[in-house]
Amino acid sequence: MADVNRGNRPLSPHLSIYRPQLTSITSILTRITGNALLLAALLIVWWFLAAATSPEAFAVANGVITSMLGDLVMALSVWGLWYHTLAGVRHLIWDNAVGLDIPTATKLGWAVVIGSVVLTLLTLVLVA
Amino acid sequence: MRYLTDRKRAAGLGSAKSGTAHFWAMKVSSVALLILVPLFVFTFGPILGQPFEVVLDYYSRPFPAIVAALTLAVGFKHFADGAQVMLEDYVHGTLEKVLIILVTCLSYGAAAAGIFAIARIAL
């Protein structure tokens, strides 16, 4: 019978089974950073709208974005932006069916992680 | 006898109903953003936190204004496409459709609001 063993059959391995690896973490971080950047993007739109409206509106928006919390959000977003950018470059490389073997994928993963931190520090030094 | 090739008879009958258009759109916008993002970071970054008049003066100049407007336009299109893929992966049924519509509307709305604001400052 087809349903004798129902509910007791082995399942194919899923996310929770695997030990986290550099390739899996860098992959999901690409999606997380890309979608989380919505917050900074909306803050920036608000900032531009406020600047186009009045000095009072600008004072509010600018005050929020340059507050302690605002600075934290923008600094994390700078990292998210550089991370997502470098991870995107990695995908553009992969799109040519190049660099998909595990040693190269791992090297590219470290390049994205380290590169994003370096670019973030560079940006914060140059911009802030 | 039918004067159709096998390919022609099969075209459009698959479940996907479209090919690589979404993938290609994301690829184009990602390459565009590769140019725009550094330009935006290093034009917008230094001016964030400056006084009101300085900001208005700066964004009255064509280069920073055009960079900011393009970054918002392409960036929000890229976001809408990417967020749609995420929703297609994690949410299913009616909620999936509703959220995709909301994300699309939010993206185009935010891009339009930002570009309007920049145009108003610049002109």
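Everything numeric in this text was worked out from a predicted model, so none of it was measured.

Visitor: How would you summarise the nonpolar core if you had to cite specific residues and measurements?
Guide: One finds A:Val45, A:Trp47, A:Phe48 and A:Ala51 to be the most contacted residues of the largest nonpolar core, which totals 45 residues. Listed by contribution, the elements that provide at least two residues to this core are α1 (22-53), α2 (55-65), α3 (68-94) and α4 (102-127) of chain A together with α2 (21-47), α4 (62-90) and α5 (94-122) of chain B.

Visitor: Outline the environment of A:Ile93, listing residues and values.
Guide: Residues and elements named next belong to chain A. Position of isoleucine 93 among the secondary structure elements: in helix α3. Owing to 14 C-beta atoms within 10 Å, isoleucine 93 belongs among the partly exposed residues under this scheme. When the C-alpha atoms of isoleucine 93 and leucine 108 are compared, they prove to be 9.8 Å apart, with 15 residues separating the residues in sequence.

Visitor: Give me the lowdown on the packing of α1(A) against α4(A), citing residues and values where you can.
Guide: All names here are of chain A. Interhelical geometry of α1 versus α4 gives an angle of 50° and a closest axis separation of 9 Å. Taken together, the axes of α1 and α4 lie oblique to each other. As α1 packs across α4, the resulting crossing turns out to be left-handed. Where α1 abuts α4, its residues Leu22, Thr23 and Thr26 lie against Ala105, Thr106, Gly109, Val112 and Val113. In terms of residue class, the contact of α1 with α4 is made up of 4 nonpolar, 4 polar and no charged.

Visitor: Please give an account of the interface of chain A and chain B that cites residues and values.
Guide: The parts lose accessible area when they come together, and the size of an interface is often stated as this lost area. Facing 22 residues of chain A, the contacting portion of chain B comprises 26 residues. Of all the secondary structure elements, the ones that give two or more residues to the side of chain A that touches chain B are α1, α2, α3 and α4 of chain A. When residues in the side of chain A that touches chain B are grouped by element, the largest group, 11 residues, is from α1(A). The residue makeup of the side of chain A that touches chain B, split by class, is 14 nonpolar, 6 polar and 2 charged.

About the thresholds
Residues numbered from 1 in each chain as written. Chains lettered and ligands numbered in written order. Predicted model: local features only at pLDDT ≥ 70, side-chain atom pairs only at ≥ 80, totals over all residues. Core = buried A, V, L, I, M, F, W, Y, C linked by C-beta atoms within 7 Å. Buried ≥ 20, exposed ≤ 12 C-beta atoms within 10 Å, placed from the backbone. Helix = DSSP H or I, 4+ residues; strand = E, 2+ residues; numbered from the N terminus. Axes fitted to C-alpha atoms, helices over the stretch in contact; angles between N-to-C directions. Parallel < 35°, antiparallel > 145°, perpendicular 65-115°, else oblique. Left-handed = near helix turned anticlockwise from the far one by under 90°. Contact = placed C-beta atoms within 7 Å. Nonpolar A, V, L, I, M, F, W, Y, C, P; charged D, E, K, R; others polar.

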